Every structure is written in structure tokens, then in C-alpha cells.
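# Fold and geometry: a report
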Amino acid sequence: MSVLKKAANRLLFEWQRNVTSIPKRNFSINLVTAFLKNKKAIGTKRLGNINIDKHAEDLKENGYTKFGIVLNEQEINGLKQYLKDLPVYNTYKPQDRFTMDSVPEDCHVASFDEQNLVKNELILDLVNDESLLEIARRTLGATPTVSEVGGWWSFAGKKKAKDAQLFHRDVDDFKFLKLFIYLTDVTKDTGPHIYVAKSHNKNLATKLKRYTDEEVDTLLGKENVLSFEEPKGSVFLVNTYGMHKGLLPVTDNRLLIQIEYSTLPLYVRKYAPVKLNRDVSKLDPYVNRLIVDFK
Ligand SMILES: O=C(O)CCC(=O)C(=O)O
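Residues numbered from 1 in each chain as written. Predicted model: local features only at pLDDT ≥ 70, side-chain atom pairs only at ≥ 80, totals over all residues.

## Quick word on the overall build of the chain
Rules: Helix and strand definitions follow DSSP, with helices as H or I runs of at least four residues and strands as E runs of at least two, each counted in order from the N terminus. Each radius of gyration reported is based on C-alpha atoms, and the globular scaling rule is 2.2 Å times the count of residues to the power 0.38. Here the C-beta atoms are placed from the backbone, and a residue counts as buried if at least 20 other C-beta atoms lie within 10 Å of its own, exposed if 12 or fewer do, and partly exposed otherwise. Two residues qualify as a contact pair if the distance between their C-beta atoms, derived from the backbone, is within 7 Å.
For the chain, the helix and strand inventory stands at eight helices and 13 strands. The C-alpha atoms of the chain give a radius of gyration of 18 Å, which matches the 19 Å a tight globule of 295 residues would have. Expressed as a percentage of its 295 residues, the buried residues of the chain come to 37%. For the chain, restricting intrachain contacts to residue pairs at least 6 apart in sequence, the fraction spanning at least 24 positions comes to 83%.

What follows is the structure, encoded as C-alpha cells:
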């Protein structure tokens, strides 16, 4: 990478990380989207006929929208089988790598490598669902960029919540959405995603830090704190600039896949698009440019 490109990336990284209040984020997103394309993306038809207007409206109003159960038992089992033997790493100590049969005691959350997830046909089909891409386009005000494909186990039996298990806002980009796909049944005891409805539009508690439950109740309203307890195969989209956390699981581990749609690349990351042995003609080269090598 040239020195100039490195410097530009550094600048964009600082910009993405430091714009935490809503007025500054609105200014930034309006500026950025003026230079980005805003064309409907091509994609797969994985979710079928869904009400795009309603889901886009939900996201705007509440900061999240749910799609119900999207994956059947056979697809879930197939994915679990695919993930079973893949290497994982401690999400918050990425240098610690291991397999699922030798997870260290101090690891709360173990993630899969993005490239391995992208190589899975079903995951990449979900990433590229044309209705999801359209909902993302309308929300972001630009053709979405897939900027992260993640997946992880959150482990039960730990004493105390830590890292993203405590309330926080994300500032990955000026506007972005995260798609959650639960691969295990999620109840109040198995690590539900917790989201504070409408907090994506509230210019309160915008300092980047971990917030206590009491602070969130006081600042953003206890009545807005929602727990996403859904069966395996369920899918929902969340604007995680809104206040959220992944509750520490108590009785069983939670497995999920998460896909991020943003306007820009996440400048905190280094990307390594992967060469695929599949037909990529249904994949939009712009949307997938950071994760798929089209050459
Ligand atoms: O695990 C969860 O439910 C929350 C994850 C989270 O904090 C994030 O993706 O930003």
C-alpha cells in the first residue's frame, strides 16, 4: 500500500472512530453518501417475499427489525457441521487461536475466521439476499458494502460479563447495520442480544464506553430495553449504533452468524477477499468487493 493510501486510511479510521454524537454522524453520513453510489444491488433470493418498506421503516423508527425463522433444521445442522471443525480465536485476544475442543477458560467469546465463513455457500447467499441489500440501501442512503462477516460462540458458565457483554454503542461507520442469525435457541438464559429500542436516534450516552444497566435504564429508559429471545434459525437486523450488548449466557452456549452492511469499509480492518469455487454471477461485485476476490 502506498504511503498516501496508508495516510488516507488512517484519517478515515480516525474519522469513523471519533464521530460519536448524532449531529456529527448525520453530517458525516450526508457528506459521504453524496460521493457514493446508490444503485439497487443484485443479489440472491434467500429470504423470499418480504415487506421491504415495513422493515426499512422499522429500522428507521426503532433501530431494529425481525424476519422470524429463516433457516430450517437441515440448514442449521448443515451450518453447525461446517463450523464444527473450523479453527476459532478469542474475539478479544485474536492472537489466541484454538479449536472448539480446547477453548481456554478465560475465553468468553470465540470467533471464526471471516474467510472460512465467506466460503460457505449458504452464508454467502444470506449475505447477498437482494431484499436485505435493498433494506440496507434504503437505510444507509447508499449501495451497501459488506464490511464484515462474522460468527462466534458465546460461552456459558463464566462468572462476569465482559467486553461486548456490557452495554455499548458501535461506531464502525457513520451508518451501518448488523444482521444476526441465531444458530442455537436463544432464551433469557442463553445469551440474548439486548437492544435499547430507538436509542439509535437519541443523542444521549454517546461517549464511547461500557455502560452499566442502571445508566442505560436512567438515560435511555428501562421500558426500551428489549431482549431478543428467538428460536434457532431466526434472523434480525439491528442498527448497533443504538445501545446494545450480548447478555452473558448462563445455561448454554450461543452460536450466531453476523453480517455487517456499511457505507464505507471499516478502516479499523485489513481485508483479504477470498477466491471462491462457486458461481459468483449473482453476487454484486461492489457489495462484495471486500470479502470476495472477483479477479
Ligand atoms: O453478541 C451480541 O449479541 C452483541 C454483539 C455486539 O455487541 C456487536 O456485534 O456489536
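What follows continues from the structure just given.
## Things to note about the site of the ligand
Spelled out, the test is: Only the C-beta atom, placed from the backbone, is used; a residue is near a molecule or strand if that atom lies within 6 Å of it. Polar here means any residue other than Ala, Val, Leu, Ile, Met, Phe, Trp, Tyr, Cys and Pro, which are nonpolar, and Asp, Glu, Lys and Arg, which are charged; Gly is therefore polar.
Neighbouring residues of the ligand: Ala164, Asp170, Lys178, His193, Thr240, His244, Lys245, Gly246 and Gln258. With three residues, strand E10 (residues 244-246) is the single largest residue contributor to the shell around the ligand. Split by residue class, the shell around the ligand holds one nonpolar, five polar and three charged.

## What about the environment of Tyr267?
Relative to the elements of secondary structure, Tyr267 occurs in the loop between strand E11 (254-262) and strand E12 (274-275). Taking the C-alpha atoms as reference points, Tyr267 and Thr33, separated by 234 residues in sequence, lie 16 Å from one another. Excluding its chain neighbours within four sequence positions, the residues that come into contact with Tyr267 are Asn9, Leu12, Phe13 and Gln16.

## Here we look at the packing of helix H3 (residues 52-62) against helix H7 (residues 130-140)
Rules: Here an angle of 0 to 180 degrees is reported between the N-to-C directions of two axes, which are lines fitted to C-alpha atoms, with helices fitted over the stretch in contact. Our angle categories are set so that under 35 degrees counts as roughly parallel, over 145 as roughly antiparallel, 65 to 115 as roughly perpendicular, and the remainder as oblique. For any pair of crossing helices, the crossing counts as left-handed if the nearer helix is rotated counterclockwise from the farther one by less than a right angle, and right-handed if it is rotated clockwise.
Viewed as axis vectors pointing N to C, H3 and H7 meet at an angle of 45°, and their least axial separation amounts to 9 Å. Put simply, H3 runs oblique to H7. Our pair here, H3 against H7, has a crossing hand that is right-handed. Residue-level contacts link Ile52, His55, Ala56, Leu59 and Lys60 of H3 to Ser131, Glu134, Ile135, Arg138 and Thr139 of H7. Classifying every residue of the contact of H3 with H7 gives four nonpolar, three polar and three charged.

## Some words on the sheet that holds E11
What counts here: Strands are labelled as partners when DSSP assigns at least two bridges between them.
What the eight strands build is an open sheet, ordered E1-E9-E6-E11-E5-E4-E2-E3; its pairing is antiparallel. Single-partner strands in this sheet number two, and they are strand E1 (64-69) and strand E3 (93-98). If you compare each strand with its neighbour and ignore which way they point, the axes differ by 25° on average. Pairing of strand E5 (residues 145-154) with E11 involves nine bridges; the strand directions are antiparallel. Note that in E11 the partner of Val146 across the bridge is Tyr261. Packed onto the sheet, H3 meets E1 and strand E9 (234-238) and runs at close to 135° relative to E1.

## Description of the sheet that holds strand E8 (residues 225-228)
Across the sheet, three strands lie side by side as E8-E7-E10; this open sheet has antiparallel pairing. One side of each edge strand has no neighbouring strand; the edge strands of this open sheet are E8 and E10. Neighbour-to-neighbour, the strand axes of the sheet open up by a mean angle of 20°, direction not taken into account. Examined bridge by bridge, strand E7 (residues 193-196) and E10 share three bridges and lie antiparallel to one another.

## Comments concerning the environment of Gly242
Assignment of secondary structure puts Gly242 in the loop between E9 and E10. For the pair Gly242 and Gly221, spaced 21 residues apart in sequence, the C-alpha separation works out to 13 Å. Look past the residues within four positions of Gly242 in its chain and what remains in contact with it is Gly63, Arg169, Tyr195, Val196, Ser199 and His200.

## Quick notes on the nonpolar core
Put simply, the rule is: Any nonpolar core is a set of buried residues, restricted to Ala, Val, Leu, Ile, Met, Phe, Trp, Tyr and Cys, that join up through C-beta atoms within 7 Å.
The biggest cluster of nonpolar side chains holds 55 residues, and the ones touching the most others in it are Val149, Leu179, Phe180, Ile181, Leu183, Leu237 and Leu256. Per element, the largest residue contribution to this core is six residues, and it comes from strand E6 (residues 176-182). Discounting chain neighbours no more than four positions away, the residues touching Leu183 are Ile76, Leu79, Lys80, Lys232, Leu255, Leu256 and Ile257.

## A few points about unusual backbone geometry
At Asp163, a position not held by glycine, the phi torsion is positive, near 55°. Positioned with a positive phi, Lys198 is a non-glycine residue whose angle comes to about 70°.

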